[in-house]
Number of protein chains: 2
Amino acid sequence: MEYRKIKDHHQDKDVDPIGDDDIENLRGKALSGIPATNLATLGGSFSERSKWKLKSVVTLALTLLTSSQAILIVWSKRAGKYEYSVTTANFSVEALKCALSLAALVRIWRNEGVTDDNRLSTTLDEVSVYPIPAALYLVKNLLQYYIFAYVDAPGYQILKNLNIISTGVLYRIILKKKLSEIQWAAFILLCAGCTTAQLNSSSDRVLQTPFQGWVMAIVMALLSGFAGVYTEAIIKKRPSRNINVQNFWLYVFGMCFNAIAILIQDFDAVMNKGFFYGYSLITTLMILNHALSGIAVSMVMKYADNIVKVYSTSVAMLLTAVVSVFLFGFHLSLPFFLGSTVVSVSVYLHSVGKLQR
Amino acid sequence: MEYRKIKDHHQDKDVDPIGDDDIENLRGKALSGIPATNLATLGGSFSERSKWKLKSVVTLALTLLTSSQAILIVWSKRAGKYEYSVTTANFSVEALKCALSLAALVRIWRNEGVTDDNRLSTTLDEVSVYPIPAALYLVKNLLQYYIFAYVDAPGYQILKNLNIISTGVLYRIILKKKLSEIQWAAFILLCAGCTTAQLNSSSDRVLQTPFQGWVMAIVMALLSGFAGVYTEAIIKKRPSRNINVQNFWLYVFGMCFNAIAILIQDFDAVMNKGFFYGYSLITTLMILNHALSGIAVSMVMKYADNIVKVYSTSVAMLLTAVVSVFLFGFHLSLPFFLGSTVVSVSVYLHSVGKLQR
């Protein structure tokens, strides 16, 4: 349950700082000579092929990191419960991402000097929008405690698939980017397929969710979708601005909001037992994984978009289940096969729909 | 169970005679002045719009008749078991369809006289292929008794969705008609969606089906798909030939094969208790419904194709469930909603895919 919360937190928290060392590792040898900053600052000047390659690499990285995230959750559940504080873990993730983006910037400054695009100092006009995604997630996380009065945990997992639809709708409305009709059909299928893959014998109870539960689930989906789309808007508003600077500011506010959460919820426990009480190897691995997948989400937002992010994390969910068969001897269910088929067709249709736009 | 058998028999038996009175009723007022024969014999000469109208009407009729078929099955289950013989009921359906097509022909002969296209006499060359669909169904129905050694009845219902895929594949191979890539995607979705809509807590057992069960299910799907596609090929080979003549010959052989089935399985019972022993109002209604939906299938084969037939019967399945909510107070499950969503998107994609061909 505790790990689940970090996961939820993470999956939504969409934007992260990044060290260029990490990007180089993710990007593979082909691009390893070019510092990450160049890729970011060159903007429109790079060839379509390099752009496509970068987009593919960050998407693949996000998919792999998200699925290993879920595998760590299963592993941690098997290993038993850990008594660490969730709020300090969340804060650590934000702090780690902040530190990585700062480290990346220091290296860039050394190699290329400080320019308008990579300097850390900013204007009030630029920075004023950065706390908004973090604030939206705070509201959403608060609502999360109330929704469990109406829906059980497996039901909530099912309802979270509404995020897919809300992201698509808000992406269209806020970013004013068009999806083709086939891509809309694909998006509906993605939502239906993911839900189908998660079906189990108790899933039907979700239909008995009272009206307030549905309203809260929809509001939460809208908040989460809005935060994702808004983050993309912030990052893309200044295409030449270095991504590490953008992430640094986003995560400074992430740290602030998590510090407030620690003060409200876990202040006494942290004072008495210490900040890192109950941290184990697996806790550390999960924090590291969350920081790195945050980095990948951030790159996807910069070089691709929210739609790619949704597809990436959905495919990751299926990948996790398949890997769990080998690692933990899980059995794949018939709904899983059917849902995976629908998701696969959806991915295919999304790419076909793009060509025909 | 007995009604289920008629239903299975019927759904596959794909081709039926038709009286033009019935067609006129189905076709509505717009076309009621034109005898059915004209529509059939004029062939290529009618306008695209009339063709489209005819295609829509027969498809709608098939959908409505198929869904009322399933509702009769539910009704009959609620009303308790009837001790009638399934083989005599099947024979009666064939005989009724034969009689209706003959009645239609008599009326046509009176109005228009006997022509090359509507005369009943035929050549060995024309008639020699007509027993093949009936023979294929006989083999399939015999196999049906053996597959239950490996799969239970709900599992068999799930596996029957393989018919959708086999029909698509054989339609492509035998009739050499192309489906666009999007239409193929839509067809896979139709299969996945129909299966999802039928999921219940025991569905997962179907994955434990032994290898022989899978082989038999695939062979049966291929037999059923082949019979459907072959029937379409027979009917479409002579486009100007009157559909009632074509149906008459198809169903003469249907009667023959069912007569053989009575001799083998129920000869003693029929001799001792009589042919119509145990027939009730609902038995009669079901036989009438099967005959009429057979007529509709036949019209769909003549004026549309197997793909339209598969979509039509799949949508009918969903329609039945919705109507059952009102008639019998059924509850719709979450898998049903998800499956219906996928099937709806599939229908949409099929029509979009056609335009882009």
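Going along each chain's sequence as written, the residues are numbered from 1 onward. Numbering of ligands from 1 and lettering of chains from A proceed in the order in which they are written. Where totals are concerned, whole chains, interfaces and linings use all residues; where local detail is concerned, this predicted model gives features only for residues with pLDDT of at least 70, and gives and counts side-chain atom pairs only at 80 or more. The basis for every side-chain value is the complete set of heavy atoms in the structure, and neither hydrogens nor water enter the calculation.

Engineer: Please clarify how the relation of the copies chain B and chain A should be interpreted in this entry.
Structural biologist: Taken together, a rotation about one axis and a shift along it account for how the two chain copies relate. Mapping chain B onto chain A calls for a screw motion: a turn of 180 degrees about the axis and a shift of 0.0 Å along it, with 0.1 Å RMSD after fitting. On the angle and the small slide along the axis, the relation comes out as a two-fold axis. Across chain B, the smallest distance between a C-alpha and the rotation axis is recorded for Ser 201 of chain B, namely 2.8 Å. When the copies are superposed, the least-squares fit draws on C-alpha atoms of residues that have pLDDT of at least 70 in both.

Engineer: Help me out: how do you make sense of the packing of helix α11 (residues 211–237) of chain B against helix α13 (residues 281–303) of chain B in this one?
Structural biologist: Residue and element names in this part refer to chain B. Orientation of α11 relative to α13, taken along the N-to-C sense of each, is 65 degrees, at an axis distance of 9 Å. Considering how the two elements wind past one another, α11 and α13 form a crossing that is right-handed. Along the contact surface, α11 presents Gly 228, Glu 232, Ile 235 and Lys 236, while α13 presents Ser 298, Met 301 and Lys 302. Think of it as three bins: nonpolar holds Ala, Val, Leu, Ile, Met, Phe, Trp, Tyr, Cys and Pro, charged holds Asp, Glu, Lys and Arg, and polar takes everything else, Gly as well. Among the residues making up the contact of α11 with α13, the classes are represented as two nonpolar, two polar and three charged. In this analysis, axes come from line fits to C-alpha atoms, helices being fitted only over the stretch in contact, and the angle between any two N-to-C directions falls in the range 0 to 180 degrees. Put simply, DSSP marks the helices as runs of H or I at least four residues long and the strands as runs of E at least two long, and each gets a number from the N terminus on. Here is the rule for handedness: rotate from the far helix to the near one, and if that takes an anticlockwise turn smaller than a right angle the crossing is left-handed, while a clockwise turn gives right-handed. Contacts are residue-level and defined by heavy atoms, with any inter-residue pair within 4.5 Å sufficient.

Engineer: Just checking my understanding: could you explain the packing of aromatic side chains for this structure?
Structural biologist: Any two aromatic rings considered together are summarised by their centre-to-centre distance and by the angle between their planes. All names here are of chain A. Put simply, two rings from Phe, Tyr or Trp (the six-membered ring, in Trp's case) pair if the centres are within 6.5 Å, and we call them stacked under 30 degrees between planes, edge-to-face over 60, tilted for the rest. Counted under the stated rule, the structure contains 20 aromatic pairs over all chains. Taking 5.6 Å as the distance between ring centres and 35 degrees as the angle between the ring planes, the aromatic pair formed by Phe 226 and Tyr 230 counts as tilted. Taken together, the residues span about one helical turn, with Phe 226 and Tyr 230 both in helix α11 (residues 211–237) at a distance of four residues. Buried means the residue's accessible area, taken with a 1.4 Å probe over protein chains only, is under 20% of the maximum for its type, while exposed means over 50%, and partly exposed covers the values in between. Its relative accessible area of 28% is what places Phe 226 among the partly exposed residues. For Tyr 230, a relative accessible area of 19% corresponds to the buried category.

Engineer: Help me out: how do you make sense of unusual backbone geometry in this one?
Structural biologist: Across the chain, the bulk of peptide bonds are trans and the bulk of non-glycine residues have phi less than zero. All names here are of chain A. Its identity as a non-glycine residue notwithstanding, Lys 176 has a phi of 55 degrees, on the positive side. Here Lys 176 shows up in the loop between α9 (162–174) and α10 (181–197). The exposure class assigned to Lys 176 is exposed, which follows from its relative accessible area of 65%.

Engineer: In this structure, what is going on with the confidence of the model for chain A? I would like to understand it.
Structural biologist: Segments scoring low in pLDDT should not have their predicted coordinates read at a detailed level. All names here are of chain A. pLDDT gives the predictor's per-residue confidence on a scale running from 0 to 100. Overall, the prediction assigns chain A a mean pLDDT of 82, with 85% of residues at 70 or greater. For chain A, per-element mean pLDDT is lowest for helix α2 (residues 20–27), which scores 32, and highest for α10, which scores 95. Counted against residues more than four places away or in other chains, residues 1–44, with its pLDDT under 50, gives 134 contacts.

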